[in-house]
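A structural walkthrough
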Amino acid sequence: MNVAKRTFDAVIVGAGGAGLRAALQLSESGLKTAVLTKVFPTRSHTVAAQGGVAASLGNSTEDNWHWHMYDTVKGSDWLGDQDAIEFMCRKANEVVVELEHYGMPFDRTDNGKIYQRPFGGHSQNYGQSPVSRSCAAADRTGHAMLHALYQRNVRANTQFFVEWMALDLIRDADGNVLGVTAMELETGEVSIFHAKATIFATGGAGRIFHSSTNAFINTGDGLGMAARAGVPLEDMEFWQFHPTGVFGAGVLITEGVRGEGGILRNGSGERFMERYAPNLKDLASRDVVSRAMTTEINEGRGCGPDKDHVLLDITHLSPETIMKRLPGIREIAIQFAGVDPIKAPIPVVPTAHYQMGGIPTNYKGQVVAPKDGNPNAPVSGFYAAGECACASVHGANRLGTNSLLDLLVFGKSAGETVVEDYKRGALELKPLPADAADASLARLARLEGQTGGESVHEVGLEMRRTMQKHAGVFRFDNLLKEGVTRILEVAERAKRTEIKDKSKVWNTARMEALELDNLIEVAKATIVSAEARKESRGAHVRDDAPDTAEFPNGRNDNEWLKHTLWYRDGNRLEYKPVTMKPLSQEVEPIALAKRTY
Amino acid sequence: MSIDRGRVRWQCRRALLELDLVFARFLERDFDRLTEGQLADLEDLLRCEDHDLWAMVNGSKPCSDDRWKEMIGLLGQP
């Protein structure tokens, strides 16, 4: 089959915050840059980010990057790489002020500076008191950021390929990355995007879980492509969950509902939080509430025919209070749970929200993998940024407002690295192997010719349910072990999916089958990595690794202060050290300590 | 020229989960029965920003164009 070829200096996959920030760096430096995106850029999932972007501007309270760095290392439960964290916190002010100059409508103080508000986990003076570090544009920070970056890219002549899906990474025999294959949805045609540099900014893969706050587009396409091309995935056992997502839908019910007096109840109507947190009860911290909910469900005290959720009850509040204080929540409950919370409780479960792991990179945005004894050898021609990448700044747990910062800093950094390499002549257009598109064409031909296969929906549902039950917010050794076996079975089934609609153009069914190919790689990486890590750390909490004097919070630094690397080939794991040494001499390493707030 | 239903169906993929869920229900229940005229209205509506679209669907913001009212009504039906 003849496959069209397009040639660029750089190709970027994904047009959310990280992809657009990287593209801007390249286009403004004069590089011929293509951005591939499944959906229109301003419909990327960055739009959903509300909280803000962290920067130690000190506009509202005294602040500096040292404190921000400390908070981030502590938040990561010491799994974050301190060189990358120093880099991110030091760059924060620069990237936020740049964004302001691009026209981002930040909220303002009376004297015209960027207004900053407090956010959980961010502190002054190494944990002493809350700090105002979050810069926001009302509750639409992600949306405003994406618009500012998109407009700037249009001005800089970035070439967008909208409604194109990247299929596979192209590597030569030496492992150099040479671009991607991609399919135009309008025609169904496959093309090769041949480039000197390839940047992945494809976002997270929250759709591996049955209950997820992520939009449907978050299918981990970059992670699937990287894994199929032999690049390992780092720290995939670490996923951030929110305790109260609407059961079966995933839409978040804010903590404010419990603040207004909402009560969590199990299948027999018991207010179970009284047993787990006698003082704070339903207002205990997110992880405590999530763990209690999971224990109730796992021990058979859940609600509904399958006893697979609990109830959030606000029926004792007056209708006036609900209408006045929680109008958005009432609408969400009616729309997505089919209940009016004035009359009946809302079914809820802990819900996946953010992926800390991803494609391993260094602080320059270069993708790195072990080679010849170097655990962090750059993969020539390959870069990544944003939620799909693992720099690693979030380690085992991300702080709120650090995700928007991550995509700005590392989107820019990946772009800068490419530009520097380009200018010193280190980037070249290496020849494409003759079989560059074969893997993608074979996948499409398999789908085309499959008979007697299973539906994408059924296999996907089985994957999401298995991940939710076996690798959810609170983890058990026997469930993880059984889950690994089950996910490998689902992965076999995913190889035989069949689509009834074989049309070439705008074939949504084919898209979903290709997305499942990517999701299943992420699911395998997550559950295999989680089963192997026998400690609790950050968001990875195991029932058999409790808080003891020897292992505070269940964390075992002697054995597990290391990054997981999962390889698709052989479903095998390796580990690499955490970088405890900061980038500069200006700061001492943040020493290991118990993570308490 | 007639509107490509497949393209409009794909453009119902949005940035917010709330809208994805609303559109999933709509695609299952209503989409195949839409007339060409309704499809054109939907295509026009899909150009809205996601936060505005969700606000119109959940009723926190009035529908800002009469042309969209019928589609907003269908999308908001539980």
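Quantities reported herein were computed from a predicted structural model and do not represent experimental measurements. (Residues numbered from 1 in each chain as written. Chains lettered and ligands numbered in written order. Predicted model: local features only at pLDDT ≥ 70, side-chain atom pairs only at ≥ 80, totals over all residues.)

A short note on the overall build of chain B
- The helix and strand tally for chain B stands at five helices and zero strands.
- Helices and strands appear in chain B in the N-to-C order α-α-α-α-α.
- Scaling as 2.2 N^0.38, a compact globule of 78 residues should have a C-alpha radius of gyration of about 12 Å, and chain B matches this with 11 Å.
- Along the three orthogonal principal directions, the C-alpha set of chain B runs to about 35 × 25 × 20 Å.
- By residue count, 29% of the 78 residues in chain B fall in the buried class.
- Counting only contacts in chain B whose residues sit at least 6 apart along the sequence, the fraction spanning at least 24 positions is 61%. (Helix = DSSP H or I, 4+ residues; strand = E, 2+ residues; numbered from the N terminus. Rg over C-alpha atoms; globule rule 2.2 N^0.38 Å. Buried ≥ 20, exposed ≤ 12 C-beta atoms within 10 Å, placed from the backbone. Contact = placed C-beta atoms within 7 Å.)

Side note on the interface of chain A and chain B
- With 27 residues of chain A in contact, the opposing surface of chain B contributes 18 residues.
- A per-class count over the side of chain A that touches chain B returns 13 nonpolar, 10 polar and four charged. (Nonpolar A, V, L, I, M, F, W, Y, C, P; charged D, E, K, R; others polar.)

Some points on the sheet that holds strand 19 (residues 562-567) of chain A
All names here are of chain A.
- A sheet is described by the order of its strands in space; here three strands give the open sequence 10-19-20, paired in antiparallel fashion. Two strands close off the open sheet at either side, each with one partner strand: strand 10 (233-234) and strand 20 (572-577).
- Examined bridge by bridge, strand 19 and strand 20 share six bridges and lie antiparallel to one another. Opposite Thr564, over in strand 20, you have Tyr575 as the bridge partner.
- Across the sheet, helix 15 (residues 508-532) lies against strand 10, strand 19 and strand 20, angled at about 135° from strand 19, the strand it touches most. (Pairing = 2+ DSSP bridges. Axes fitted to C-alpha atoms, helices over the stretch in contact; angles between N-to-C directions.)

A word on unusual backbone geometry
All names here are of chain A.
- With omega at -10°, the peptide bond leading from Ala391 into Ser392 counts as cis.
- Positive phi, normally seen in glycine, also occurs at Asp77, with a value near 55°.
- Here Asp77 lies in the loop between helix 2 (65-75) and helix 3 (82-101).
- For Asp77, a count of 24 C-beta atoms within 10 Å corresponds to the buried category.
- Of note, the phi angle at Lys281 is positive, near 50°, even though the residue is not glycine.
- Along the chain, Lys281 turns up in the loop between helix 7 (273-276) and helix 8 (286-298).

A few points about the sheet that holds strand 12 (residues 263-265) of chain A
Residue and element names in this part refer to chain A.
- With respect to topology, four strands assemble into an open sheet ordered 11-14-13-12, the strand pairing being antiparallel. Looking along the sheet, the strands with just one partner apiece sit at the ends: strand 11 (239-246) and strand 12. Across the sheet, the mean angle separating the axes of adjacent strands is 40° when strand polarity is ignored.
- Examined bridge by bridge, strand 13 (residues 310-313) and strand 14 (residues 346-355) share three bridges and lie antiparallel to one another. Note on strand 14: the bridge partner recorded for Leu312 is Ile346.

A few points about the nonpolar core
Residues and elements named next belong to chain A.
- Core analysis: the biggest nonpolar cluster contains 195 residues, and Ile199 and Ile359 have the highest contact counts within it.
- With 11 residues, helix 15 is the single largest residue contributor to this core.
- A domain split of this core shows at least three residues from each of domain 1 (244-351) and domain 2 (438-547).
- Contact partners of Ile359, with chain neighbours within four places excluded, come to Phe200, Gly222, Leu223, Ala226, Val231, Leu233, Val367, Ala384, Cys388, Ala389 and Cys390. (Core = buried A, V, L, I, M, F, W, Y, C linked by C-beta atoms within 7 Å. Domains from an automatic or database assignment.)

Section: the pairing of strand 2 (residues 33-37) of chain A
Residue and element names in this part refer to chain A.
- Of all five residues that make up strand 2, five are buried, and the element is covered over most of its length.
- Of the two faces of strand 2, the one lined by Thr33, Val35 and Thr37 and the one lined by Ala34 and Leu36 are each fully buried.
- Relative to strand 2, strand 1 (residues 4-13) runs parallel, the two being bridged by four bridges. Looking at the pairing, Ile12 lines up with Val35 of strand 2.
- Once you follow strand 1 into helix 1 (residues 17-28) and on to strand 2, the crossover reads as right-handed.
- Of the strand pairs in this sheet, strand 2 and strand 6 (residues 159-162) are connected by four bridges, and their pairing is parallel. Note on strand 6: the bridge partner recorded for Val35 is Phe160. (Right-handed = clockwise from strand over helix to strand, strands pointing away.)

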